[in-house]
Amino acid sequence: MFYGSSLSSFVSDCNFLANFPFKATRLSDFESYSPLFFHVDFDILLLVKWWLCGGRFITFAFTMILQFCFTLINFHCLISLSLSVSFSIFLASFLSSPSTANSCNTHFSGSLSVQFSGTSQLGEGEMAQILAPSTQWQMRLPKTSTFGSPVATKMWSPLVLKQNRKGAAKGSGKFRVLALSENSTVNRLEKLLNMDVTPYTDKIIAEYVWIGGSGIDLRSKSRTLSKPVEHPSELPKWNYDGSSTGQAPGEDSEVILYPQAIFKDPFRGGNNILVICDAYTPAGEPIPTNKRARAAEIFSNKKVVDEIPWFGIEQEYTLLQQNVKWPLGWPVGGYPGPQGPYYCAAGADKSFGRDISDAHYKACLYAGINISGTNGEVMPGQWEYQVGPSVGIEAGDHIWISRYILERITEQAGVVLTLDPKPIEGDWNGAGCHTNYSTKSMREEGGFEVIKKAILNLSLRHKEHISAYGEGNERRLTGKHETASINTFSWGVANRGCSIRVGRDTEKNGKGYLEDRRPASNMDPYVVTSLLAETTLLYEPTLEAEALAAQKIALNV
């Protein structure tokens, strides 16, 4: 179909392209764009050839015979089309009337409707040169298009590749035609994003990251620093509009950011950094959603400092399809096979989102996060990574920045991250944030008795812990799917259905650590870690309360 124009520019464009320098390229590099059988509107094709041949029947017939011959020798449609049109241009230049030749200078633009079908017959390893001085001359495919969908030549336009005369590899013909997508060219935006500015300036970019008004959302913004920094104390305080994050009223919206921890920026690279901050009022008071300030007080207590508390946190999360908010790999509106084959599995029908998990793993290592492992979880589309052992307040900093990095990676991947503790109702596992914990006394000889005393204290403050262990946790802690009931405290050795689990090695060695399996995946690590330290090291129940609790949970201390 014509789009209100003639074909004059087709000839002039071909002449224009012919004058550009070629760039050496291997045809095999373009194999990913190999579906090159094009269906062309042949009524237009005939009209094009007739026009190019100046209306001469003999020339027209000759070009048709040429195309038929090229097709017989296994050239696909696009190649034979391009070759025959090229011969048409050549013949038109010599055989057509002067008036016809001069009409090529008239500026018009035309368009042909094309569609993918089949595969390319291009040979491997053949050297070619591409007439592509800029992306405007290359075939283009919008991101929304798919193979098999019709596109106009405004998006696609054939490129004729000519073999290098010097040292050219032998091929089945003198010309090749390739369709190059926009993605096959150098993406200028990506090039800028990956640009290393270190050789040109001492300035760096610092991404200030803080927790938003919901207590689980993460916010960030960037600023330029005059030089690289090594410690948070070297960073300036900053502010933001708290009324836009649900953390301050509109009439007094300024909230102050205090830099607390620095990590390398895996997205910008170089000397650029990510900065974990907590939030304060202009008067210097922690705002209600700032849980780090209270945790820092607990971890700075001498009793806690002397015990050197270690934390290993198992962060579970679920990946969702962007438009439907349904787990990655699940049929939309439907369900996969029952749980069993997905945990730590491999295979396209069992593992969904591994690239995101691996990308996050490497990004955390680059950033300096103490990530210790990752694995696929029981529910398909659900993953876990572990951070630790981390000491004191560091555990919370590392979990929060690892969550931020995961949010950024899923953003780039077009996948939604959720920390909902029970994303899918029914016979599916929820998502937790099991927290492994030990103190110096627990890790030394006789530590198992210290662990049992800590379990006793935890039983006495079960309700306080549950209320601080994450929103919606009641949907997860049902006593099923490897959880204990939210209403009942329990403990056991190697029992994943208990509130507190002790490992076999800990029992055998008489020292080690405990695992609190109650925290939800959306828990605040500052709250959970500081509460564990407070309950086990600073809380002092009465002897009577201890005795009753020990009897209730069958614990001999």
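Check the entry above for the structure.
Residues numbered from 1 in each chain as written. Predicted model: local features only at pLDDT ≥ 70, side-chain atom pairs only at ≥ 80, totals over all residues. Heavy atoms only, no water.

Engineer: Talk me through the overall build of the chain; I want residue IDs and the actual numbers.
Structural biologist: Helix and strand counts for the chain stand at 16 helices and 19 strands. The long-range share in the chain, meaning contacts at least 24 apart out of those at least 6 apart in sequence, stands at 69%. Carbon and sulfur atoms make up 54% of the accessible area of the chain, which amounts to about 27,700 Å² in all. (Helix = DSSP H or I, 4+ residues; strand = E, 2+ residues; numbered from the N terminus. Contact = heavy atoms within 4.5 Å. Areas by Shrake-Rupley, 256 points an atom, 1.4 Å probe, with all protein chains shown as cover.)

Engineer: Let's hear about the sheet that holds strand β11 (residues 273-280): which residues, and what values?
Structural biologist: On the basis of which strands lie adjacent, the open sheet formed by five strands has the order β8-β7-β11-β10-β9 and mixed pairing. The sheet is open, and its two borders are formed by β8 (218-225) and β9 (238-241), each paired with just one other strand. Along the sheet, successive strands turn relative to each other by an average axial angle of 40°, direction set aside. Pairing between strand β7 (residues 204-211) and β8: eight bridges, direction antiparallel. In the sheet register, Ile205 faces β8, and the bridge partner there is Thr224. The sheet strands contacting helix α10 (residues 394-413) are β7, β8, β10 (254-264) and β11, and the helix crosses β11 at an angle near 115°. (Pairing = 2+ DSSP bridges. Axes fitted to C-alpha atoms, helices over the stretch in contact; angles between N-to-C directions.)

Engineer: Could you give an account of helix α7 (residues 292-299), naming the residues involved and the relevant values?
Structural biologist: Among the residues of α7, Arg292, Ala293, Ala295, Ile298 and Phe299 are the ones counted as buried. Looking at the packing, one finds that the buried side of α7 touches β10, β11, α8 (302-307), β12 (310-321), α10 and α15 (525-538). (Buried < 20%, exposed > 50% of the residue type's maximum accessible area, 1.4 Å probe, protein only.)

Engineer: I'd love a proper account of empty space enclosed by the protein, names of residues and values included.
Structural biologist: Counted by the stated rule, this structure contains four cavities of 30 Å³ or more. In this structure, the largest cavity encloses a volume near 120 Å³. Taken together, 16 residues line the largest cavity, and the ones lying closest to its centre are Trp210, Ile211, Cys277, Asp278 and Ala279. Elements represented by at least two residues in the lining of the largest cavity include exactly β7 and β11. In terms of residue count, β11 provides more of the lining of the largest cavity than any other element does, four residues in total. (1 Å grid on protein atoms, 1.4 Å probe; cavity = no way out; pocket = protein on both sides within 12 Å on 5 of 7 lines; lining within 4 Å. Points joined across faces, edges and corners; volume = space filled by probe spheres on them.)

Engineer: Before we move on, could you go through helix α9 (residues 354-367) and cite the residues and values that matter?
Structural biologist: Over its 14 residues, α9 extends 20 Å from the first C-alpha to the last, a length consistent with the 20 Å expected when each residue adds 1.5 Å. Among all positions of α9, only Ile356, Ser357, His360, Ala363, Cys364 and Ala367 are buried. End-on, the buried residues of α9 take up no more than an arc of 130°, which puts them together on one face. More than 90 degrees from the buried face of α9, the exposed residues found are Asp355 and Lys362. Looking at the buried residues of α9, the elements they touch are β10, β12, β13 (371-376), β14 (382-391), α10 and β15 (415-418). Positive backbone phi, at 100°, marks Gly368, one or two positions downstream of α9. (Expected span 1.5 Å × (residues − 1). Arc of directions from axis to C-beta.)

Engineer: Explain the layout of surface pockets residue by residue, including any values.
Structural biologist: One number sums up the size of the second largest pocket: a volume of about 570 Å³. Forming the walls of the second largest pocket are 32 residues, and the residues nearest its centre are Glu314, His434, Arg496, Arg501 and Glu515. For the lining of the second largest pocket, the leading source of residues is β12, giving five residues.

Engineer: Lay out the side chain of Thr318 in plain terms, naming residues and giving numbers.
Structural biologist: Note on placement: Thr318 falls in strand β12. For Thr318, the residues in contact, after removing those within four places along its chain, are Met379, Gly381, Gln382, Val416, Leu417, Thr418 and Pro423.

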